[in-house]
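# Observations on the model geometry
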Amino acid sequence: MDQAQQLRNVIKRREQNNLRDDLSQMARIVTITSGKGGVGKSNFAVNLAVQLSKAGKRVIIFDADFGLANVEVMFGAVPQYNLSDFLYRRKGIQDIITPGPLDIGFISGGSGIIGLNNLDREQITDLVRSVDLLNDIADFILIDTGAGISEQVLEFVVASPEVLLISTPEPSSLTDSYSLLKALYRHPNFVVDATRIHVVSNRVVSEDEGQAVYDKLNSVVSQFLHGQLDYLGLIPQDAALERAVKQQKTVSISDPNSRSAKAFAALAANFLNGTRNPVSVHWGIAQMLSNFLMSRK
Ligand SMILES: Nc1ncnc2c1ncn2[C@@H]1O[C@H](COP(=O)(O)OP(=O)(O)OP(=O)(O)O)[C@@H](O)[C@H]1O
Ligand SMILES: [Mg+2]
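So, a few notes on the structure that sits alongside this text. (Residues numbered from 1 in each chain as written. Chains lettered and ligands numbered in written order. Predicted model: local features only at pLDDT ≥ 70, side-chain atom pairs only at ≥ 80, totals over all residues.)

## Points about the overall build of the chain
Let me state the cut-off plainly: Elements are defined by DSSP. Helices are runs of H or I of four residues or more, strands are runs of E of two residues or more, and each kind is numbered from the N terminus. For the exposure call, what matters is how many other C-beta atoms sit within 10 Å of a residue's own: 20 or more marks it buried, 12 or fewer exposed, and in between partly exposed, using C-beta atoms placed from the backbone. A pair of residues counts as a contact when their C-beta atoms, built from backbone coordinates, are separated by no more than 7 Å.
Helices and strands together make up the secondary structure of the chain, namely 13 helices and eight strands. A total of 297 residues make up the chain; the buried ones form 46% of that total. Sequence separation of 24 or more characterises 80% of the internal contacts of the chain that already satisfy a separation of 6 or more.

See below:
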């Protein structure tokens, strides 16, 4: 039996045991991505985490921007261990979580995920069990992906029940968002009903401009890919946010009355009030990680 098959069996048994058939016990997994780099993903991830945390939710950010330590710079926390220590060097899942402000946990992706080739059956079972522990300590797992449309980013998006697509009104950002969506819809493992995609319009100057970003993307997706996007909301262009970034601060903490911080709060509330993708009942973090690991074989 190959390792992918072993992993599938472990997950299947876990599901059959119905360990967690209650949706409220599963951490909600949200992948934050964009077509074009530099449009505000990492900022968004950290500010959404802060707003969710202020709303009483337990949040873990997973920095899947392998190599470039985006979130750690913003957090001012240097992680001692990363995902590779967990996957390949038998560190516990708790050991690789670095505490940040407002009790937000942070997991660094390290230098990448290479697959499962060196793990035996027992290690795989262990891995799935310990990833599952995240459901006990987090309500939300936010995954911040790297720049550009790489296979690795697509695999994360495909494996996620919920995706936040950050786009700005710039034509190049819209075109690149569409390229990402096209690559996603054509990806062999993408299942339309299993992934809900919410658009966030960033750096806009008005409500109308934010809505237009969504309308443009949704119309090409429905016309050419026969898909459907949701609109989560907008974050305005805000000098206060740029100032906060320069000081390595998070605007939602350092300047809660700024326009962007208020928009992050409103957007987080929308997100909390919205229904979550029912697929996540059987698609927790363990399933997601295993989908991802299997796709790397
Ligand atoms: N709403 C906003 N208002 C003003 N400036 C913004 C806003 N959002 C993002 N920026 C600016 O854009 C810069 C890039 O943001 P960020 O690092 O979050 O992008 P990213 O998408 O994570 O980039 P990468 O693709 O390289 O990971 C920020 O440092 C900030 O200066
Ligand atoms: Mg980033």
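## What about the site of ligand 1?
For clarity, the cut-off: What makes a residue near a molecule or strand is its C-beta atom, placed from the backbone, lying within 6 Å of it. Gly counts as polar in this scheme, as do all residues outside two lists: the nonpolar Ala, Val, Leu, Ile, Met, Phe, Trp, Tyr, Cys and Pro, and the charged Asp, Glu, Lys and Arg.
The full set close to ligand 1 counts 21 residues, and Gly37, Gly40, Ser42, Asn43 and Ala147 are the nearest of them. Mapped by element, the contributors of at least two residues to the shell around ligand 1 are helix H2 (41-54), strand E7 (196-204) and helix H10 (239-246). Class assignment for the residues of the shell around ligand 1 results in five nonpolar, eleven polar and five charged.

## Notes on the packing of H2 against helix H12 (residues 259-273)
Convention followed: Between N-to-C directions, angles span 0 to 180 degrees; the directions come from axes that are lines fitted to C-alpha atoms, helices contributing only their stretch in contact. To sort the angles, those under 35 degrees are grouped as roughly parallel, those over 145 as roughly antiparallel, those from 65 to 115 as roughly perpendicular, and the leftovers as oblique. Take the far helix as your reference; a near helix turned counterclockwise from it by less than a right angle gives a left-handed crossing, and one turned clockwise gives a right-handed crossing.
Viewed as axis vectors pointing N to C, H2 and H12 meet at an angle of 65°, and their least axial separation amounts to 9 Å. As summarised for this structure, H2 and H12 are arranged roughly perpendicular, according to the angle between their axes. Remark: the crossing between H2 and H12 carries right-handed chirality. Each of Asn47, Leu48, Gln51 and Leu52 in H2 lies in contact with H12, whose residues at this interface are Phe264, Ala265 and Ala268. Residues of the contact of H2 with H12, tallied by class, amount to five nonpolar, two polar and no charged.

## Concerning the environment of Phe224
By the secondary structure assignment, Phe224 is in helix H9 (residues 207-224). Take Phe224: there are 12 C-beta atoms within 10 Å of it, and that puts it in the exposed class. Here the alpha-carbon distance between Phe224 and Lys182, two residues 42 residues apart in the chain, equals 8.8 Å.

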